[in-house]
Amino acid sequence: MSFLSAVIDGVLLGGYYAMVACGLSFMFGIMKIINLAHGSLAILAAFMLWMIAEKLGYDPFLALIVVVPAMACLGWLLQRAVLERSARSGELVPILSTFGLAIVMENSLFEYFGADTRSLAPYVGSLSYDSFEIGGGLYVGELAVLTFAVAILLLGGLQLFLTYTPLGCAIRATAEDPDTVELVGVNSRFVNAVAAAIALVTVGLAGLFLGLRSSFDPYVGSMQLIFAFEAAVIGGAGSLWGTLAGGVVLGIAQTFGAHVHPQGFLLAGHGVFLLVLVARQYFSGHYLRAFLKSKLG
Amino acid sequence: MSLLSINVLDIRHGLLQAVREVTFAVDQGETVALIGANGAGKTTLLRAIAGAHRASRGQIHLDGLDVTSMPPYQRVARGIALVPEGRRLFAAMTVEENLQLARASGRQGDWNVDRVMDTFPMLKARRKARCGTLSGGEQQATAIGRALMTNPRVLLLDEVSLGLSPLAVDLVYKSVESLIASGATILLVEQDLKRALKVANRVICMLEGRIVIEGDAKTLTREQITDAYFGHYQKRSQTEKAP
């Protein structure tokens, strides 16, 4: 029973990681940019939600009405002011500029909010700690189920948007060949700015669930970035459903690791990440060797 | 007034000057073949007209409007569409998605997916297929169809026969001829001289970035064109001018 419980917990935790990784994977898939400020942006969103809840007394879910458009605008500005300019100078420059941005954001948040940890859980009643029975004496947390459901809706919504809307089609085409897409009449600058805005909308949602399930301070963004990065890489960077699969694999590994040893939570997560990387290298090399062998005799 | 006019255009690739002082015009409904050996600057010129290369000097006018500094997508909206060398389709997207993308971004007009399918019957059965799985001929047909879906006023075709089987070239050119018959304005870059001369009203031959000969496709002799193509015409002219 404890095995099944761990699997369910791991899968639900994977939903949270998928939500955190979604924007990172989306941005990499479309713009080929690794946004190292991703975690810090999620913390910024969490602080914005906390401010609205604390100062104005609004429910954090309601506060999304303000924070989601604000994050979209921030994404647009980020693309136009930082990412677009730095991407012109090569692949490494956006990594450095987003790394710098993360440091600026973390220290600005520290300057304004101080080192105190905060949480959004007190503003949503019993949601963060209530659970319900799913049969056989197994219980799942309400927040974990909600997080997983929102992650599925978010990824499914993005998939539908990319598949069936003209703008989604333009985003996919821009991701595939940003030069040629202009020759069929698509403004790739606009499309990339929209993609960045969408990525930051997902970051806003991730910030909400981060703040609901744990406490946060200005410097926890880097840890969120690592989890998001691992989920995205395990599932195949740029693939939306792959990100969910990666999140679930990471979540299950961490949950089982935590059952074995208190430190096992992080170790198992990083371990499975490395294992996937090594396996991927091995199999790509294995098939390459088999191909060369068949061709060269 | 010409539909497309190029005035003293220079284009550079770094230190290399790929196109030098090129001036010509294309009238409404005309098909102009741009010919020349590899490295003559034909593709660069075509890409500059589409906006993919920046001109270092000169102007490009479309129906009197200076489009020289416009980005490619704005030129598409005004009626310039390029079928690039190598097709450059979005391989992960279906034929229909490639076509619809162009329709959503281009000018308003009569072209739609069904009309493209009628013009290129080989695509009918491959409508939902991903472009990465198409044959060379089907890819070329899709690339031309994609350009047509933007409802262009001037269609720029870059090496549409390159890498295709003779049968596929025949099929593609049959469709190009039907486009010409319908009154389309086409600027065509082609290595296959015979095909270019068959479909074009006018021929422009380039050598080392310059226009060396320009004239009516029916009146220029094969010798004149061949000489210009290989540089003999220019040298002969220079020799004749020498005292």
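Here the structure is a predicted model, which means the values were calculated and not measured.

1. Here we look at the overall build of chain B
Okay, step 1: Looking only at helices and strands, one finds nine helices and 10 strands in chain B.
Okay, step 2: At 18 Å, chain B has a C-alpha radius of gyration in line with the 18 Å of a compact globule built from 243 residues.
Okay, step 3: Along the three orthogonal principal directions, the C-alpha set of chain B runs to about 65 × 40 × 35 Å.
Okay, step 4: When each of the 243 residues of chain B is scored for burial, the buried share is 45%.
Okay, step 5: Relative to all contacts within chain B whose residues are 6 or more apart in sequence, the contacts with residues 24 or more apart total 67%.

2. Regarding the overall build of chain A
Okay, step 1: Within chain A one finds 11 helices and two strands.
Okay, step 2: Put simply, chain A runs from its N terminus to its C terminus through helices and strands in the order α-α-α-α-β-β-α-α-α-α-α-α-α.
Okay, step 3: Relative to a compact globule of 297 residues, whose C-alpha radius of gyration would be 19 Å, chain A shows 20 Å and is just as compact.
Okay, step 4: Expressed as lengths along the three principal axes of its C-alpha atoms, the size of chain A is roughly 60 × 45 × 35 Å.
Okay, step 5: Taken across its 297 residues, chain A has 49% of its residues classed as buried.

3. A short note on the packing of helix α5 (residues 136–148) of chain B against helix α6 (residues 166–181) of chain B
Residue and element names in this part refer to chain B.
Okay, step 1: Running from N to C, α5 and α6 point in directions that differ by 20°, and their axes come no closer than 9 Å. The angle between α5 and α6 places the two elements in the roughly parallel class. Considering how the two elements wind past one another, α5 and α6 form a crossing that is right-handed. Across the interface between the two elements, Gly136, Gly137, Gln140 and Ala141 of α5 pack against Ala168, Leu171, Val172 and Ser175 of α6.
Okay, step 2: Partitioned by chemical class, the residues of the contact of α5 with α6 number four nonpolar, four polar and no charged.

4. Focus on the interface of chain A and chain B
Okay, step 1: Each partner contributes residues to the interface: chain A has 15 residues there, and chain B has 23 residues.
Okay, step 2: Among the elements of the structure, α6 (166–176) and α7 (178–183) of chain A are those that each provide at least two residues to the side of chain A that touches chain B.
Okay, step 3: Per-element accounting of the side of chain A that touches chain B gives the leading share, six residues, to α6 of chain A.

5. Things to note about the sheet that holds strand β6 (residues 80–83) of chain B
All names here are of chain B.
Okay, step 1: The six strands are arranged β6-β7-β8-β3-β9-β10 in an open sheet whose pairing can be described as mixed. Two strands in the sheet have a free side with no partner beyond their single neighbour: β6 and β10 (210–216). Across the sheet, the mean angle from the axis of one strand to that of its neighbour is 15°, orientation sign disregarded.
Okay, step 2: Pairing of β6 with strand β7 (residues 154–158), which is carried by four bridges, proceeds in the parallel orientation. Following the sheet pairing, Val83 is matched in β7 by Leu157.

6. Side note on the pairing of β10 of chain B
Consecutive residues of a regular strand have side chains that alternate between opposite faces of the sheet.
Okay, step 1: Examined bridge by bridge, strand β9 (residues 202–207) of chain B and β10 of chain B share six bridges and lie antiparallel to one another. Residue pairing for β10 of chain B: Ile204 of chain B is matched across the bridge by Glu214 of chain B.

7. What to know about α5 of chain B
Residues and elements named next belong to chain B.
Okay, step 1: In a regular helix each residue adds 1.5 Å, so 13 residues correspond to 18 Å; α5 covers 18 Å between its end C-alpha atoms and thus fits that length.
Okay, step 2: Taking burial as the measure, the 13 residues of α5 include 12 buried ones, the bulk of the element.
Okay, step 3: Of the positions making up α5, those classed as buried are Gly137, Glu138, Gln139, Gln140, Ala141, Thr142, Ala143, Ile144, Gly145, Arg146, Ala147 and Leu148.
Okay, step 4: Residues of α5 that are buried in the fold lie against β6, α3 (95–105), α4 (113–119), β7 and α6.

8. Describing the environment of Ile226 of chain A
All names here are of chain A.
Okay, step 1: Here Ile226 lies in helix α9 (residues 221–235).
Okay, step 2: For Ile226, a count of 15 C-beta atoms within 10 Å corresponds to the partly exposed category.
Okay, step 3: Here the alpha-carbon distance between Ile226 and Gly39, two residues 187 residues apart in the chain, equals 8.2 Å.

9. Remarks on α9 of chain A
All names here are of chain A.
Okay, step 1: In this model, α9 (15 residues) spans 21 Å end to end at C-alpha, consistent with the 21 Å of a helix rising 1.5 Å per residue.
Okay, step 2: Counting buried positions along α9 yields 12 of 15 residues, so the element is predominantly enclosed.
Okay, step 3: Every buried residue of α9 is accounted for by Gly221, Gln224, Leu225, Phe227, Ala228, Phe229, Glu230, Ala231, Ala232, Val233, Ile234 and Gly235.
Okay, step 4: Remark: Gly236 follows α9 within two positions and exhibits a positive phi of approximately 100°.

10. Re the environment of Val212 of chain B
Okay, step 1: Along the polypeptide, Val212 of chain B turns up in strand β10.
Okay, step 2: Considering only alpha carbons, one finds Val212 of chain B and Tyr229 of chain B, 17 residues apart in sequence, at a separation of 8.4 Å.

11. A look at the confidence of the model for chain B
Residues and elements named next belong to chain B.
Okay, step 1: Residues at a pLDDT of 70 or more form 95% of chain B, whose mean pLDDT is 89.
Okay, step 2: Helix α9 (residues 232–241) is the least confidently modelled element of chain B, averaging 52 in pLDDT, while strand β5 (residues 65–66) averages 96, the highest of any element.
Okay, step 3: Scored below 50 in pLDDT, residues 238–243 makes zero contacts in the model with residues more than four places away or belonging to other chains.
Okay, step 4: The ipTM assigned to the predicted complex is 0.87, against a pTM of 0.87.

12. Concerning the nonpolar core
Okay, step 1: One finds Leu49 of chain A together with Leu156 and Cys205 of chain B to be the most contacted residues of the largest nonpolar core, which totals 168 residues.
Okay, step 2: In terms of residue count, the dominant contributor to this core is helix α8 (residues 188–213) of chain A (16 residues).

13. Remarks on the sheet that holds strand β1 (residues 4–13) of chain B
Residue and element names in this part refer to chain B.
Okay, step 1: One open sheet accounts for four strands, arranged β2-β1-β4-β5; its pairing is antiparallel. What marks the edges here is a single partner per strand, and that holds for β2 (16–26) and β5.
Okay, step 2: Of the strand pairs in this sheet, β1 and β2 are connected by seven bridges, and their pairing is antiparallel. What sits directly across from His13, in β2, is Leu16.

14. A short note on the pairing of strand β4 (residues 57–62) of chain B
Residue and element names in this part refer to chain B.
Okay, step 1: Pairing of β1 with β4 involves five bridges; the strand directions are antiparallel. Its bridge partner being in β4, Asn7 is matched across the sheet by Gln59.
Okay, step 2: Here β4 runs beside β5; their pairing, made up of two bridges, is antiparallel. Note on β5: the bridge partner recorded for His61 is Asp66.
Okay, step 3: What sits between the antiparallel neighbours β4 and β5 is a turn of two residues, in which Asp63 has the positive phi angle 50°.

15. Observations concerning the packing of helix α1 (residues 2–31) of chain A against α8 of chain A
All names here are of chain A.
Okay, step 1: Contact geometry of α1 with α8 gives a least axis separation of 8 Å together with a crossing angle of 165°. By the angle between their axes, α1 is roughly antiparallel relative to α8. Handedness of the crossing formed by α1 with α8: left-handed. Judged by residue contacts, Tyr16, Met19, Val20, Cys22, Gly23, Phe26, Met27, Ile30 and Met31 of α1 engage Asn192, Ala195, Ala196, Ile198, Ala199, Leu200, Thr202, Val203, Leu205, Ala206, Phe209 and Arg213 from α8.

So, how was this worked out
- Residues numbered from 1 in each chain as written.
- Chains lettered and ligands numbered in written order.
- Predicted model: local features only at pLDDT ≥ 70, side-chain atom pairs only at ≥ 80, totals over all residues.
- Helix = DSSP H or I, 4+ residues; strand = E, 2+ residues; numbered from the N terminus.
- Rg over C-alpha atoms; globule rule 2.2 N^0.38 Å.
- Buried ≥ 20, exposed ≤ 12 C-beta atoms within 10 Å, placed from the backbone.
- Contact = placed C-beta atoms within 7 Å.
- Axes fitted to C-alpha atoms, helices over the stretch in contact; angles between N-to-C directions.
- Parallel < 35°, antiparallel > 145°, perpendicular 65-115°, else oblique.
- Left-handed = near helix turned anticlockwise from the far one by under 90°.
- Nonpolar A, V, L, I, M, F, W, Y, C, P; charged D, E, K, R; others polar.
- Pairing = 2+ DSSP bridges.
- Expected span 1.5 Å × (residues − 1).
- pLDDT = per-residue confidence, 0-100.
- Core = buried A, V, L, I, M, F, W, Y, C linked by C-beta atoms within 7 Å.

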